[in-house]
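Residue strings, one per chain:
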Amino acid sequence: MSIAQDINLSAVLLAPDTDGLREIFGVPAIQRLLTMLRQGGCEDIHFFGGEAFRPLLSRDIIDMPSDKFHPAADLASLTNILREIPFQSQNRILVMNANIVMDRPTLNHHVFLKTGAALETGAMEETDGLCLASADSLVPAVSRIWARSGE
């Protein structure tokens, strides 16, 4: 069993714009994030964003299942889709903006090793595009990150 499975981790990646397609050392930011999450054992990963991401996410190297790709052009459509996903109540849900640049040790430290205690949604007034949420706090957490991305 992996660390992510031990802490029942799911992930929601948000792309309110196309910044997640920017390359970092020749690799799109979204691809780096997905790879790191999977290497940590997180398989329940949902993507919310524009159709511009679909070709990249359907490539063999990423191979995101079509039922985990959710086209969402605005916050209203995003929250409607979120409410339909049956996240387990005991799961921790990592919410990340798709353009975050992070290395594996930092992700492991904050999410997998500390189980996200420092990232709790209720513990901060603002977010930098990253937090852990429960099923109950998911919609407010996603709304906050999505809205701040549009500033």
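Bear in mind the structure is a predicted one, so any value in this text is a computation, not a measurement.

Calculation notes
- Residues numbered from 1 in each chain as written.
- Predicted model: local features only at pLDDT ≥ 70, side-chain atom pairs only at ≥ 80, totals over all residues.
- Heavy atoms only, no water.
- Helix = DSSP H or I, 4+ residues; strand = E, 2+ residues; numbered from the N terminus.
- Buried < 20%, exposed > 50% of the residue type's maximum accessible area, 1.4 Å probe, protein only.
- Contact = heavy atoms within 4.5 Å.
- Areas by Shrake-Rupley, 256 points an atom, 1.4 Å probe, with all protein chains shown as cover.
- Salt bridge = Lys/Arg side-chain N within 4 Å of Asp/Glu carboxyl O.
- Pairing = 2+ DSSP bridges.
- Axes fitted to C-alpha atoms, helices over the stretch in contact; angles between N-to-C directions.
- Phe/Tyr/Trp six-rings, centres within 6.5 Å; stacked < 30°, edge-to-face > 60°.
- Arc of directions from axis to C-beta.
- pLDDT = per-residue confidence, 0-100.

**Q** How should I be thinking about the overall build of the protein chain in this particular structure?
**A** What the protein chain contains, in helices and strands, is six helices and seven strands. Scanning the protein chain from its N terminus toward the C terminus, one meets helices and strands in the order α-β-β-β-α-β-α-β-α-β-α-β-α. Looking at the protein chain as a whole, 47% of its 151 residues qualify as buried. A fraction of 69% describes how many contacts in the protein chain between residues 6 or more apart in sequence connect residues 24 or more apart. A total accessible area of about 7600 Å² is found for the protein chain, and carbon and sulfur atoms account for 50% of it.

**Q** Help me understand the pattern of salt bridges in this model?
**A** Side chains bearing opposite charge may pair, as long as their charged atoms lie close to each other. Scanning the model with the defined rule gives three salt bridges in all. One salt bridge in this structure joins aspartate 19 and arginine 22, with 3.0 Å as the shortest N-O distance. The exposure class assigned to aspartate 19 is partly exposed, which follows from its relative accessible area of 23%. Look at arginine 22 and you get exposed, because its relative accessible area is 56%. Measuring nitrogen to oxygen at the nearest pair gives 2.6 Å for the salt bridge that ties lysine 68 to aspartate 44.

**Q** Looking at this structure, I do not really get the pairing of strand S4 (residues 45-49). What am I missing?
**A** Consecutive side chains along a regular strand alternate between the two faces of the sheet. Extensive coverage of S4 is indicated by the burial of five of its five residues. Side chains Ile45, Phe47 and Gly49 project from S4 onto one buried face, and the interleaved His46 and Phe48 project onto a second face that is buried too. In this sheet, strand S5 (residues 69-71) lies alongside S4 in parallel orientation, the contact comprising three bridges. From the neighbouring strand, phenylalanine 47 faces S5, where its bridge partner is phenylalanine 69.

**Q** Looking at this structure, I do not really get the pairing of strand S7 (residues 130-133). What am I missing?
**A** The alternating pattern of S7 places Leu130 and Leu132 on one face and Cys131 and Ala133 on the opposite face, and all of these are buried. Strand direction decides the pairing type here: strand S6 (residues 92-97) and S7, joined by four bridges, are antiparallel. Bridged to methionine 96 within S7 is leucine 130.

**Q** Sorry if this is basic, but what is going on with the sheet that holds S7 here?
**A** Sheet strands line up and pair through hydrogen bonds in the backbone, either parallel or antiparallel. One open sheet holds the five strands; their spatial order is S5-S4-S1-S6-S7, and the pairing between them is mixed. Looking at strand neighbours, the two that pair on one side only are S5 and S7, the edges of this open sheet. Strand after strand, the sheet turns through a mean of 20° between neighbouring axes, direction not considered. Across the sheet, helix H4 (residues 75-84) lies against strand S1 (9-15), S4 and S5, angled at about 160° from S4, the strand it touches most.

**Q** Help me understand the packing of aromatic side chains in this model?
**A** A full pass over the atoms with the stated rule returns two aromatic pairs. Residues phenylalanine 47 and phenylalanine 53 carry aromatic rings whose centres are separated by 4.9 Å and whose planes lie at 50° to one another, so their mutual orientation is tilted. With respect to class, phenylalanine 47 is no different from phenylalanine 53; both count as buried. Measuring from ring centre to ring centre gives 5.3 Å for phenylalanine 47 and phenylalanine 69, while their planes differ by 25°; the resulting arrangement is stacked. Here phenylalanine 47 is found in strand S4, whereas its partner phenylalanine 69 is found in strand S5, with 22 residues between them in sequence.

**Q** What's the story with H4 in this structure? I'm lost.
**A** Every α-helical turn comprises 3.6 residues, leaving residues that sit three or four positions apart pointing alike. Within the sequence span of H4, burial applies to Leu78, Thr79 and Leu82. Looking down the long axis of H4, one finds its buried residues gathered within 95° of arc, a one-sided arrangement.

**Q** I keep staring at the confidence of the model for the protein chain and nothing clicks. Help me out?
**A** The predicted coordinates should not be examined in detail at positions where pLDDT is low. Mean pLDDT over the protein chain: 80, with 80% of residues reaching 70 or higher. Predicted confidence for residues 120-126 stays below pLDDT 50, and this span has 15 contacts to residues more than four positions away or in other chains.

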